[in-house]
Amino acid sequence: MVGLESAGKELEKRKLTSREKRFIKFSSVEYEGQIYMTPQDFLESVIEAEPKPRLKRRKLGAREISALKDNTPDMAGNSDSLFRHLGNKGIISYTEYLFLLTILIKPSSGFKIAFSMLDQDGNERIDKQEFKVLESIFSSAAKDRKENQNLEDNDYGLQKGHQVDTSLLVHFFGTDGDEELKFSEFCTFMDNLQTEVLHMEFGEFSKGAPSISELDFARILLRYTFLNSEDYDNILERLYDRLQEEKGITFEEFKDFCQFLNNLDDFQIAMRMYTLADKPISQEEFSRAVHICTGKTLSPHMVYTVFQIFDDDGDGLLSYQEFVAMMKDRIHRGLKNYSRQEGWEGFKHCVKKEMREAS
């Protein structure tokens, strides 16, 4: 596998962030020395542990870039299958990769303030140049290593100086780049992208059925966490023993819960104000806090299942700090410094860190 060997050498040259490593590993195309993900690469990078085997990156020319632009639908063609529909017929830059990751883990309210600041005439629309500013704000992780480095010479093809209209820019602003993006359209794009990724995760276990088992729901939640295999198996066994009957989890229930996870910061604030002494919380208190943070009501069965997964001693109460600590790794999809294999020490480190930040 020549392509994978060369990718490995690229990663050895200097210390790269976890996101840089992942982008380099999953990017399958290149244009004028800059590497890009395709929409399919992006979906795989947030779902799969490793990319599909390939010999080397596909090199694109000006003609292919032009064809990709023509293939990209405008905002009227946005849907929750956009990235799967585009497949390998599109390009995503490293900065856009960071931006799209942010879209997956934030509620739309997180973008509203920045959008409004750029929207100087108050019509809730921004143009292409204003969007690039918005993108750079939320892709600030790309700037972590700019000091004392010449990016042109030492950027691994992540950020070359030339400008190319990527699929995202064409989708938002048209092939000529002169259209404007409404905030309502941007919110629709966010919701559809989140839904598309969740559909893929859900589909891994549902195999076309309308629901997944409670055990499979737990497997999805825990797949990016830092538990070792023994602790992971113990949680699944405990859930199996506690379930009185298997009702299953529908996609809508799964989506509502995952969108609640994007509001974890608000949930932490609500819990700190409510409990004051950081006491464990009941199912009713948990449901109320979720509704306050998201405006949505989780089904009683969903709340019951979550408590059976995370209620360690079976007293019917949940330590919300430990729940938040574990779920933050879930929403960041394993791109933190520790992973499930690092076991109990990693777990304790994360809980202590979250509790320090909460105090």
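Preceding this section is the structure that the text describes.
On a predicted model such as this, the values are computed, not experimentally measured, just so you know. (Residues numbered from 1 in each chain as written. Predicted model: local features only at pLDDT ≥ 70, side-chain atom pairs only at ≥ 80, totals over all residues. Heavy atoms only, no water.)

Student: I'd like a description of the sheet that holds strand β1 (residues 29-31), backed by residues and values.
Tutor: One open sheet accounts for 3 strands, arranged β2-β1-β3; its pairing is mixed. Each end of this open sheet is capped by a strand with a single partner; those strands are β2 (34-36) and β3 (58-59). Of the strand pairs in this sheet, β1 and β2 are connected by 3 bridges, and their pairing is antiparallel. Across the sheet, the residue bridging to E30 is I35, located in β2. (Pairing = 2+ DSSP bridges. Helix = DSSP H or I, 4+ residues; strand = E, 2+ residues; numbered from the N terminus.)

Student: Just give me the short version of helix α7 (residues 109-118), but keep the residues and values in it.
Tutor: F111, A114, F115 and L118 are the residues of α7 that are buried. Down the axis of α7, the smallest arc covering the buried residues is 105°, so these residues share one side. Relative to its buried face, α7 has exposed residues pointing more than 90 degrees away, namely I113 and M117. Summarising the contacts, the buried residues of α7 are in contact with α6 (94-105), β4 (125-126), α8 (128-138), β5 (181-182) and α10 (183-206). (Buried < 20%, exposed > 50% of the residue type's maximum accessible area, 1.4 Å probe, protein only. Arc of directions from axis to C-beta. Contact = heavy atoms within 4.5 Å.)

Student: Provide a residue-level description of the pattern of salt bridges, including the pertinent values.
Tutor: Taken as a whole and judged by the stated rule, the model has 14 salt bridges. With a closest N to O distance of 2.8 Å, D312 and R238 form a salt bridge. Linking D312 in the loop between α16 (300-310) and α17 (320-331) with R238 in helix α12 (residues 229-242), this pair joins segments that are 74 residues apart in sequence. Through salt bridges with shared partners, one network takes in E201, E204, R223 and R330. (Salt bridge = Lys/Arg side-chain N within 4 Å of Asp/Glu carboxyl O.)

Student: Mind laying out the nonpolar core, listing which residues take part and the relevant values?
Tutor: Counting 90 residues, the largest nonpolar core has F42, F257, F267, F286 and F323 as its most contacted members. Here this core gets 9 residues from one element, more than from any other, and that element is α6. By size, the runner-up hydrophobic cluster in this structure holds 8 residues, among which are V29, Y36, I91 and V164. (Core = buried A, V, L, I, M, F, W, Y, C linked by side-chain atoms within 4.5 Å.)

Student: So what's going on with the packing of aromatic side chains? Residues and values would help.
Tutor: Going through the model one piece at a time under the given rule, you end up with 34 aromatic pairs. Where F172 meets F186, the ring centres are 6.4 Å apart and the plane angle is 65°; that geometry is what we call edge-to-face. Remark: F186 occurs in helix α10 and F172 occurs in helix α9 (residues 167-173); sequence separation between them is 14 residues. Ring plane angle 80° and centroid distance 4.9 Å describe the contact between F172 and F189, whose orientation is recorded as edge-to-face. Here F189 lies in helix α10 and F172 lies in helix α9, a separation of 17 residues in the sequence. (Phe/Tyr/Trp six-rings, centres within 6.5 Å; stacked < 30°, edge-to-face > 60°.)

Student: Got a sec to walk through a negative patch on the surface? Specific residues and values, please.
Tutor: Together, D74, D176, D178 and E179 make up a negatively charged patch on the protein surface. Inspection of the secondary structure assignment puts D178 in the loop between α9 and β5. (Patch = residues over 30% accessible without salt bridge, like charges linked within 9 Å, V, L, I, M, F, W, Y side chains within 5 Å. Areas by Shrake-Rupley, 256 points an atom, 1.4 Å probe, with all protein chains shown as cover. Lys, Arg positive; Asp, Glu negative; His and termini not counted. Charge placed at Lys NZ, Arg CZ, Asp CG, Glu CD.)

Student: Would you mind going over the packing of α10 against helix α13 (residues 251-261) in detail, with residue names and values included?
Tutor: Each pair of packed helices can be described by the angle between their axes along with the distance between the axes. The contact between α10 and α13 brings their axes to 10 Å, and the two run at 125°. As judged from the angle between their axes, α10 and α13 are oblique. Two packed elements cross with a definite hand, and for α10 against α13 that hand is right-handed. In this structure, α10 uses D191, Q194, T195, L198, H199, E201 and F202 to contact α13, whose residues at the interface are F251, F254, K255, C258 and Q259. The class makeup of the residues in the contact of α10 with α13 is 5 nonpolar, 4 polar and 3 charged. (Axes fitted to C-alpha atoms, helices over the stretch in contact; angles between N-to-C directions. Parallel < 35°, antiparallel > 145°, perpendicular 65-115°, else oblique. Left-handed = near helix turned anticlockwise from the far one by under 90°. Nonpolar A, V, L, I, M, F, W, Y, C, P; charged D, E, K, R; others polar.)

In short, the description is geometric, and any link to function would need to be established separately.
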